[in-house]
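So you can see what is in the structure, the chains are spelled out below.
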Amino acid sequence: MPCPCSILVHQYYHIKTIYLVCVAFNDWNHVDLTTMNDGDSDNQNDGRVKGIAVGNFLGEGIRRASLPELGPGGSWSTCALGCSQDPPQDVAHVQFRSRIAFKLVWVPNEQYDTFVLVDDDGKLLARGTPSDGPGGLPALRERVQNYRIMEGSKYSRAADRIASNAAAE
């Protein structure tokens, strides 16, 4: 049974197979909801986003998964790798010349079972603990690695405050 996630046609390499993007918010890296400008959704990684494939053509998938009735552009779950630098050197900021609508960061408590959503300035938008228990969470190693790539940046501050408050209780 295929995953009911966004469809990405990887036409850059002339591959006819339709790939499914099911990692959004389920791994350590694909945790940025990036807003897209129409003119930038076909941008490719020219090598400036370290650790991300050169090319990284996402334009067709962005168009297919976006809702045109909501206006031009769209959104996509992009890789956060490089976000701890100042300014951020991740896919949203470098490849798509955009800001993030929000970023998911796992809180470094004992089980990494709470998350925060922060905006592009690192401001807390929401926090939560999944209600379906440990079985509904990404693997612990994914949650730990997610925090590690954010650690020390503006994006980890809200998660750090929550972890510090919990430790003090």
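Provided above is the structure to which this section pertains.
Residues numbered from 1 in each chain as written. Predicted model: local features only at pLDDT ≥ 70, side-chain atom pairs only at ≥ 80, totals over all residues. Heavy atoms only, no water.

**Observations regarding the sheet that holds strand S7 (residues 124-128)**
Applied cut-off: Strand pairing is assigned whenever DSSP detects at least two bridges linking the two strands. Only DSSP runs of H or I with at least four residues qualify as helices, and only runs of E with at least two residues qualify as strands; both kinds are numbered from the N terminus onward. Axes here mean lines fitted to C-alpha atoms, for a helix over just the part in contact, with angles spanning 0 to 180 degrees between N-to-C directions.
Taken together, the five strands give an open sheet; going across it, the order is S4-S3-S5-S6-S7, and neighbouring strands pair in antiparallel fashion. Edge positions in the open sheet fall to strand S4 (74-79) and S7, since each of these has one partner strand only. Averaged over all adjacent pairs, the angle separating strand axes in this sheet is 20 degrees, with direction ignored. Two strands pair when backbone bridges link them, and strand S3 (residues 30-36) and S4 are joined in this way by six bridges, in the antiparallel orientation.

**Things to note about the pairing of S3**
Two faces belong to every sheet, and in a regular strand the side chains alternate between them. Sheet analysis places S3 next to strand S5 (residues 100-106), joined by three bridges and oriented antiparallel. Bridged to aspartate 32 within S5 is lysine 103.

**Concerning the nonpolar core**
How we decide: In this text, buried Ala, Val, Leu, Ile, Met, Phe, Trp, Tyr and Cys residues form a nonpolar core when linked through side-chain atoms within 4.5 Å. Only protein chains enter the accessibility calculation, which uses a 1.4 Å probe. A residue is then buried if its area is under 20% of the maximum for its type, exposed if over 50%, and partly exposed in between. Residues count as neighbours in contact if any of their non-hydrogen atoms are within 4.5 Å of one another.
Val105, Val116 and Met150 are the most contacted members of the largest nonpolar core, which has 24 residues in total. For this core, the secondary-structure elements that each account for two or more residues are S5, strand S6 (115-118), helix H3 (140-150) and helix H4 (157-168). Those residues in contact with valine 116 that lie beyond four places of it in its chain are Lys103, Leu104, Val105, Val107, Leu124, Ala126, Arg127, Ala158, Ala159 and Ile162. Counting residues in hydrophobic clusters, the runner-up holds seven residues, among them Met36, Ile62, Val91 and Phe96.

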